[in-house]
Each structure stands twice: as C-alpha cells, then as structure tokens.
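Chain and residue survey
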Amino acid sequence: MKEYILLIVGAVLVNNFVLTRFLGICPFLGVSKSISTAGGMGGAVIFVITCASGVTWLFQRFILDPMGLGYLQTIAFILVIATFVQFVELVMKKTTPALHRGLGIYLPLITTNCCVLAVAVINIQANYTLLQSLAFGFGASSGFALALIIFTGLREKIDRANPPQSMRGTAIALVTAGLLSMAFMGFAGLVK
Amino acid sequence: MTQILKPVRKALGGIHPAYHKELARDSAVRELTVPKSLRVSMAQHLGAPAKANVKKGDAVLRGQKIGDAAGFISSPVHAPTSGKVADVAEDITAAGTRAQAVVIEPDGQDQWSPSLPPAMKWEEADSAALITRVAESGIAGMGGAGFPTHVKLSPPKGKTIDTLIINGAECEPFLTADFRLMVEQAGRVWTGCRIIRKILNARTLRVAIEDNKPEAIAAMEKAMGNTEGDTAIVVLPTSYPQGAEKQQIFAITGREVPSGGLPMDVSAVVENVGTAAAICDAVVHGYPLVERVTTVTGKPVVQPGNIRARLGTSFADLVAACGGTRGVVAKVIAGGPMMGLAQFGMEVCTTKTTSGLLLVPPSDVSVFESSPCISCGRCVDACPMRLMPCDLSQMLEAEDYLGAEAMNVLDCIECGCCAYCCPAHRPLVQHMRSGKSRAMLRRKQQQAEKKA
Amino acid sequence: MGPLTTALVVFTLTGIGCGAILAIAARVFAVEEDPRLAEICAILPNGNCGGCGWAGCGEYAKAILFDKAELNLCTVGGTETAQKLAKYMGVTVEVAEKKAAIVLCRGNAGNAPRRFLYNGVADCAAANAVDGGDKICRYGCLGYGSCARACPVNAISMDGNLAMVHPELCISCGKCVKTCPRKLIKLVPESRHLHVFCSSLDKGPIVKKACKVGCIACTLCTKLAPDSAIAMNGALAVVDYAKPITKEAETLVQKCPGHCIQQA
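Rules of the game
- Residues numbered from 1 in each chain as written.
- Chains lettered and ligands numbered in written order.
- Predicted model: local features only at pLDDT ≥ 70, side-chain atom pairs only at ≥ 80, totals over all residues.
- Heavy atoms only, no water.
- Helix = DSSP H or I, 4+ residues; strand = E, 2+ residues; numbered from the N terminus.
- Buried < 20%, exposed > 50% of the residue type's maximum accessible area, 1.4 Å probe, protein only.
- Contact = heavy atoms within 4.5 Å.
- Lys, Arg positive; Asp, Glu negative; His and termini not counted.
- Charge placed at Lys NZ, Arg CZ, Asp CG, Glu CD.
- Buried area = accessible area lost by both parts, 1.4 Å probe.
- Salt bridge = Lys/Arg side-chain N within 4 Å of Asp/Glu carboxyl O.
- Polar contact = N/O pair within 3.5 Å; in protein donor to acceptor, adjacent residues only side chain to side chain.
- Nonpolar A, V, L, I, M, F, W, Y, C, P; charged D, E, K, R; others polar.
- Pairing = 2+ DSSP bridges.
- pLDDT = per-residue confidence, 0-100.
- Axes fitted to C-alpha atoms, helices over the stretch in contact; angles between N-to-C directions.
- Parallel < 35°, antiparallel > 145°, perpendicular 65-115°, else oblique.
- Expected span 1.5 Å × (residues − 1).

**Considering the overall build of chain C**
Tallying secondary structure elements over chain C gives 10 helices and 8 strands in all. Principal-axis analysis of the C-alpha atoms places the extent of chain C at approximately 105 × 45 × 30 Å. A burial count over chain C gives 40% of its 264 residues as buried. The long-range fraction of contacts in chain C, counting pairs at least 24 apart against all pairs at least 6 apart in sequence, stands at 56%. Measuring between centres, the 28 positive side-chain charges of chain C sit 10 Å from its 21 negative side-chain charges.

**Points about the interface of chain B and chain C**
Residue-level contacts link 14 residues of chain B with 14 residues of chain C. Between chain B and chain C, roughly 1,100 Å² of surface is buried when both sides are summed, and carbon and sulfur atoms account for 49% of that area. Inspection of the chain B/chain C interface yields 0 salt bridges. Taken together, the links from chain B to chain C amount to 4 residue pairs in polar contact (both at pLDDT 80 or more). The leading source of residues in the side of chain B that touches chain C is helix 13 (residues 428–451) of chain B, at 3 residues. Along the lines of polarity and charge, the residues of the side of chain B that touches chain C split into 7 nonpolar, 4 polar and 3 charged.

**Regarding the sheet that holds strand 4 (residues 51–52) of chain B**
In space, the 3 strands of this open sheet follow the order 4-6-7 (chain B), with antiparallel pairing throughout. Only two strands of the sheet have a single partner each, and these edge strands are strand 4 and strand 7 (77–78) of chain B.

**Topic: the pairing of strand 16 (residues 331–334) of chain B**
Residue and element names in this part refer to chain B. In this structure, strand 16 lies alongside strand 18 (residues 356–360), joined through 4 bridges in antiparallel fashion. Bridge pairing in strand 18 links Ile333 to Leu358. Pairing of strand 16 with strand 17 (residues 341–343) involves 3 bridges; the strand directions are antiparallel. For Ile333, the partnering residue across the bridge sits in strand 17 and is Ala342. The turn joining strand 16 and strand 17, which pair antiparallel and follow one another in sequence, is formed by 6 residues; a positive phi near 115 degrees is taken by Gly335.

**As for the pattern of salt bridges**
The final tally for this structure, using the stated rule, is 32 salt bridges over all chains. One salt bridge connects Lys65 of chain B with Asp68 of chain B, and the closest N-O pair in it is separated by 3.6 Å. Exposure remark for Lys65 of chain B: the relative accessible area of 39% places this residue in the partly exposed category. A salt bridge links Asp123 of chain C to Arg149 of chain C, with the nearest nitrogen and oxygen atoms 3.9 Å apart. Within this pair, whereas Asp123 of chain C is found in the loop between strand 1 (99–103) and helix 5 (124–129), its partner Arg149 of chain C is found in helix 6 (residues 146–150), the two being separated by 26 residues in sequence. Taking relative accessible area as the criterion, Asp123 of chain C reaches 13% and is therefore assigned buried.

**Description of the confidence of the model for chain C**
Across chain C, pLDDT averages 84, with 93% of residues at or above 70. As scored by the predictor, the complex reaches a pTM of 0.81 and an ipTM of 0.75.

**Let's talk about the sheet that holds strand 9 (residues 98–106) of chain B**
In a beta sheet, neighbouring strands pair by backbone hydrogen bonds and run either parallel or antiparallel. Residues and elements named next belong to chain B. Reading across from one edge, 3-9-8-5 is the order of the 4 strands in this open sheet, with antiparallel pairing throughout. The open sheet terminates on both sides in strands that have one partner only, identified here as strand 3 (38–41) and strand 5 (59–60). Alignment of strand 3 against strand 9, held across 4 bridges, turns out to be antiparallel. Each residue of the ladder has a partner; that of Leu38, found in strand 9, is Ile104.

**Thoughts on the side chain of Asn113 of chain A**
Residue and element names in this part refer to chain A. Relative to the elements of secondary structure, Asn113 occurs in the loop between helix 6 (106–111) and helix 7 (114–125). There is a polar contact of 3.0 Å between the side chain of Asn113 and the backbone nitrogen of Cys115. Here Asn113 is in contact with Gly24 and Pro27, once residues within four sequence places are set aside.

**Topic: the packing of helix 3 (residues 177–184) of chain B against helix 7 (residues 273–285) of chain B**
Residues and elements named next belong to chain B. Between helix 3 and helix 7, the shortest axis-to-axis distance is 9 Å and the interhelical angle comes to 50 degrees. With respect to their mutual orientation, helix 3 and helix 7 come out oblique. Residues Asp178, Leu181 and Met182 of helix 3 form the contact with helix 7, whose participating residues are Val273, Gly274 and Ala277. Class assignment of the residues belonging to the contact of helix 3 with helix 7 gives a composition of 4 nonpolar, 1 polar and 1 charged.

**Let's talk about helix 7 of chain B**
Residue and element names in this part refer to chain B. Given a rise of 1.5 Å per residue, 13 residues ought to cover 18 Å, and the 18 Å separating the end C-alpha atoms of helix 7 matches this to within 8%. Counting buried residues in helix 7 gives 11 out of 13 residues, a clear majority hidden from the surface. Buried within helix 7 are the following residues: Val273, Gly274, Thr275, Ala276, Ala277, Ala278, Ile279, Cys280, Asp281, Ala282 and Val283. Summarising the contacts, the buried residues of helix 7 are in contact with helix 1 (127–136), helix 2 (149–152), strand 10 (163–168), helix 3, helix 4 (186–200) and strand 13 (268–272). Put simply, Asn272 is the residue that caps the front of helix 7, since its side-chain oxygen is 2.6 Å from the backbone nitrogen of Gly274. Of the residues flanking the end of helix 7, it is Gly286, one or two places downstream, whose phi is positive at about 85 degrees.

Right, here's the structure in full:
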C-alpha cells in the first residue's frame, strides 16, 4: 500500500509531468483559459491516461514481449492509445452527450499528447507491475490535472489584471508557467 | 441589575480607523430653532418615495401628513413645523438623485396638528395596532439605511423573531448622535426597546454598545434598571463595522445571516437606538417623526456638536448653528467618512437618515491615482462579509459582471473597509456598487423575461 | 516466421482489430446528428483553434445552428467565411443606407465646466451614478471614455473630454449606443451631416449656465428648417432624419444662437 502512495505522490508532486518533466505543454497552455474547460480536460486526462497505462501494459506483456517486438513499442502504443481514445469518445458521445459536448475537442487532443506516451513508456522501462502502472498512470495524470487547474486559476486572474500590451496572452502565461515550475521544485526530495 | 454581557463571537474582518469622536462626543444635543425654509424630501426612506398630498399655497401644521406612503415598502412624510407650502418641486437629495420635495415656509408658530393620533397604552396594545402606529408616524431606520420600520417589524408568516438587538454601536468615525441620545435620553430609548420587543414578541433583547462609550453604557444600565426576561447590554469591542447589522448579529448571537438573506432568516431583528426613541415618541405621545439629531463635525467646524434639527433643514443652516466654519472646506460629507456621500453643495436638506455632516479640510482629503491590484490580500482580511474585493474589482474593471455576481458581489455591504486598506488606492466600493447595480438589473431583466 | 514477418502480421492484425473495434463501436454507439452540422463544418476552416470562443469548429457549428451565435466570429476564416455562413443560413442583412454613430453633444472641457472633482472609477456609468455626474450639464458627455472602450473597431476617440466618432470607421454595431449612460449616441444615416449637437432637456437659462454650445430652445431652427425637419422635444431641438435639409443647412448653422447646430 505504502509503495503505491509513494508512487502517486512522486508522480503528482515531485516529478510532476508538466512542471518538472515538461511534457504535455501543448494542452497545458491551450486549455488553461477558463476553469470549467480546465476541469473537464483534467478529468478526461486522468481517465484516459490511467486506462491507457493499463491497456498499453497489457499489450506490451501479452503481444509485444512474447513476439519479441519490443522495438515496435512506440508505434504500437500510439496505435493503441489512439484507438482507445476514439473508442472512449464514441461511447461518451452516446452515453453522456452533455459531458462529451463539454469536453468536445479536448478528447482527441489527449491522443496527440506526448504525456500519454511518456507514461506508457516509463511504465515499461521501470518494470512496473500492472497495478503499479495503473497507480503511476493515475498519479501522472492527477499531477497534470493539478498543474493545469492551478495554472488556469493563475491565468484567469492575470488576464483580468490588465498586463502591459507586450506581455499579454502567451507571454505572461509562459513566465507564469516558469515560476510555477520553480515553485514545484520545492517538492524535490519529498519522496526518495 | 442590568446584565452586561460580552459578545459570543469575534466579528470577522473589519478595520480600526482613527475615530475623532472627541470633537463632538462631549457636546450635549443643541436644539436648532426652525430655520427660514424647510425642504422636506419625499424620498427619505428605502423603497418607493412618498407622494406629496399638498400643493403650493396650502397651510400645514406640525405633524400633519404631507406625503402619503406609496406602496408597502414606503413611509409617509410629515410636516416638521407649521407654515405654508411655498412649492412642491423636484429637489436634489444627499445621494445626488432627484426627488419631489415639499418646501415649507414656517410661520413661526410651530403649532402641532390637532389630528395627531392619541397616546397609546402600549403594554396593553396588540402588535398590529402598534405596527400601524409606527407606520403612520413615518418611522424609518434612522441608523442610515432608512428602511421603513413597520415593514421590518412585520416579518412574513413563517419567520418568528426570537432576538431583538438595539444598535447603539455607532461604529462610524466622527459621529456621536446616537451616543448623546443614549447618554441624555436613555429612558426614551429604553421605552422604545420595550415597545419593539412587545411588537415582535422577542424572547431575547440585547442592547449593543461599543466599549468606547462607557457613559452610554452607564446611562442605559441606569435606565434599564431591573430587567425582566432574557435582557442584557452587550459591550462590543470597538471596531468598524461593528454597527453593521449582520456583523452585530454574528457577534451577539453567533448566527450568520445566509448569503442574500436577511436578519429575519436567523430569527433576529436589529433596530437603531434613534429609531427606538422615535417609536417611543410615536406610541407614547403620538408624535410622528419630524426631527432628528445630526452630528455636525470636522476640523473646519467652529463648534462641532450634535444638533437636533427639523427634517428639511439645509446643511448650510446646520453648519451655521455650529458657529460656521474656519479655513477652507474642501469636502462635505453627509454621513460619516466611511459610508457617507460627498456633497457638492450646502443646499441639500436633512432627512430621516442624516446621522452626520462631516466637513473636511484640504489637508485631510485624499485625491488618489489608482494603480493595478497587487494581490496583497489586505482587502480580503478586512472584508467583514468575507468577500474577495481584489478579485471582484478586477472582474468589474474588466466588465465581467456575471463573474462578479457569481462571486457574491451582491453581499457587499459597501462598508468601505477594503478601499480603506488598499495600498494601490483602488476605488473598490465604487466598483462594488456598479457591480451590484448591474447584477440587480440583470436579475430584473431575467425576471421580466420569465414573465413574458 | 522471421522477425519482419512477425512484425508485419502482428501489426496488420492489430490494425485490423483496432479498426474493427472502432467500426463496430461507431455502429453500436451511433448518434443521430443533424446533417446541417456537417455542412456548416465544411464551410469552417476546421483548424479547431478555439479562436471563436468555442472548443473547436464542431462546437461553433452547433452554436450557430442552435444558440444563434454570431456568424462573424471565426478569426481564421475572416469575412469570407462569415459571408459564406450568412449565405448558408439564409441570413441577409438589409442595409437600406449605411448608418454611422454620432455623439449629440459638443460639451468638451472648454465648453461645459465641471461642478466638482470626481476622483474614482474612470467609467461613464460609474461617474453618472455619483451625484448625477460631475458636469453642471446633467445631460452632456461625461468624457470618461466608456464608449471608446466599447467600440470594437476603435472608431471613437476622446477629444478634450468629449467623445467623437470617426464615421468612416464606424461599423454601426450599436455597442456605443448601448454603453452611453446618458443616451447621447445615435445611429444616423451616413449621408446626413447637419445635426443639433445637444441633448439637454433643461430650459434655456439653465443650459446657458451649463454649456457654451447648448440648445437654449429659442425655436428659431424649427422655423428655418423646411417641412418641420427640426422639431422641439420639450426644450430641445431634434432633427428628423427622414426629412431632407439641403439648402437651409448653411443658414441654420449661421443663425443658431446657441452654436449647437453644426455640420459634421
């Protein structure tokens, strides 16, 4: 039990995927305009990455490894993740149309996100068991969601505060992201 | 022996400005003789302004009704003295709006109208009769809000009141009118308290006084004598805005009025000591509300003090009664420095809610240049309603009125604590007022659309 | 099987499998969609940039169909896309004559003095709420620039505390008309140049104290203008833009004692 908690805390705070590993910056900057969309995106990411961690682990274990096709991991994972996300989108569109409408374009955006692939690959490289992979996936995506929501809150406030013309929009957003990154450095050493 | 209690909770937020009450606190109430002209406004209370029922040339007597209440949330207006109606015309109010006013030229006789209602034995009267007397006498909240008292004392079915709080806190700096009223006429105030308690059938009665008014506490204690039932004086720590009703209810009972709610939602009613005294006059003697005590103060005033003047007395006459001014007067504020309204002329006249007139010399006026919010958070610490004035003002500057409404801008009591402590000199209260008026407008439009 | 063959077979099978799953899922979880959505999406650039304010072109298409969204919000597609959308939706804007906004007040700092120093939010509605505004004239332009800020094309400039519209830039969207708390701005036909630049309903003596170029209700213009093209609304002269004023224009400008009738 303890190792799973450490795994999750490590992925959320110490090695945050966005702020420490600098992955998934695209949706991080793109979806951080308002809290409601950020929240939806965060939720979608948690769901997709956790499930994708499991699915890719199983694919690696039962198809790639026995066939000796480990070198095709990248292609295979992209294929699997893309299919999985599309499948989820179709199911969502039918069963929860309101949620689907809310997330809209962000669901496919997760597919082309380097963060998902990174989680899947790290799971294999670190030789995690299935349960550990799921835990790590959950932690990584929760970390992404956390960073996204914090950043969105900051951005909303900064946009309202009327920055100088030259710093508006992406400029001040990147500066803020950098400062947030430095803030998260404070967690270094929390989990050995 | 009257019980003296401490508050049960510490009011949240608030500030401690310099009070400067020593300018007027020791000067006994002076009566101002009736001036040469009185302009009695029809808009002396919250709700629909009264409708004048006299015309130019009519003769009026003191206490005669010259304005009929226009609707349920409204109050009648009475002539403060006997004389002739010189005009019924649009006049400027202290809030800068315009309203109908009856201009009376006093005849010097100051004769009471013979058709005043008779004295009532209030111990035996029933609530309905007492409330009708309060309504007929034109009594509105004299603490400054001017809410028609008979409406406050008639909570709708389903709302029982178990706590009555009489507000003698007078937290606004410079003002001492309520203080002098309690020191000099504690008996009148106490009778008013008992009458209100009878009307509401409230189990608990608390008289709230701040601890910077020991003489008032002593005077009320003496007047109250041996009290019956759950009655006590509560000595509140001096802070601003301790006199705001929601903050007072919280400090005395520990109950929090819900967002968007009223004190009756937590079974409490708060009335000002001045209102209580006016109720005593109306019930015991049959006198309608035609005069009030106003603190005229400030460094430029020669003899700052508390003046009892008839309603409709111009600010110029009030200041003249205090010996006039010395030096330059840069700003004139109707009310106190925190929540008062700056005036641009001395021809505005007193109403039922004019608790003070503050004159400010040029050295004390702050003309500011506001800069962007630095998110220091002082306003959040100071806000007694636990709002976030920094975020709200940024939203309102960006004209995000829906966002401001979602952040409860309608709960703002406009006390001014946030603007007082803002290091960037942002006009926060003005932002809040514009946000509140837009939110109310939007709600009205929504309701109108729903009906259509 | 050699490694290359294994790889090819595994991946072909995986590909077919994934494709099959998706195909079946698409059939099983099919959702009835309005065919118009697809047609509108075809008109939109499909970059899914979110510039319109919606999460992607699909959402904007839905908003256009069901939420009456404005058709000119696609910043990438620009006016061309807006026109195509308008054509598709069957919306044609009948513009009888191009209109431009005009501020019917000339009470700038030199003409209309202030009553007091207003020190607060630099917004016209906020200033108007304080004691009825800081100008002596209760009806004139307060000059805090709310209309200029509201204008999406920057067609309004503040000139000596007076709002002035540049008619050649005006797109007649009407935002300034709604913003002005004193209702000074009107949309008038672009071809009309003669205006009464005053909106004060106060009587002549009061206007004289409030402004050097206010309408003092002498009613001279109502007699000089042809066919009641200028009529009195209480103590204010108002131009009826439906009636032409051609040759009398110069005379009106010269004869107006208040100097408030001008050619724009």
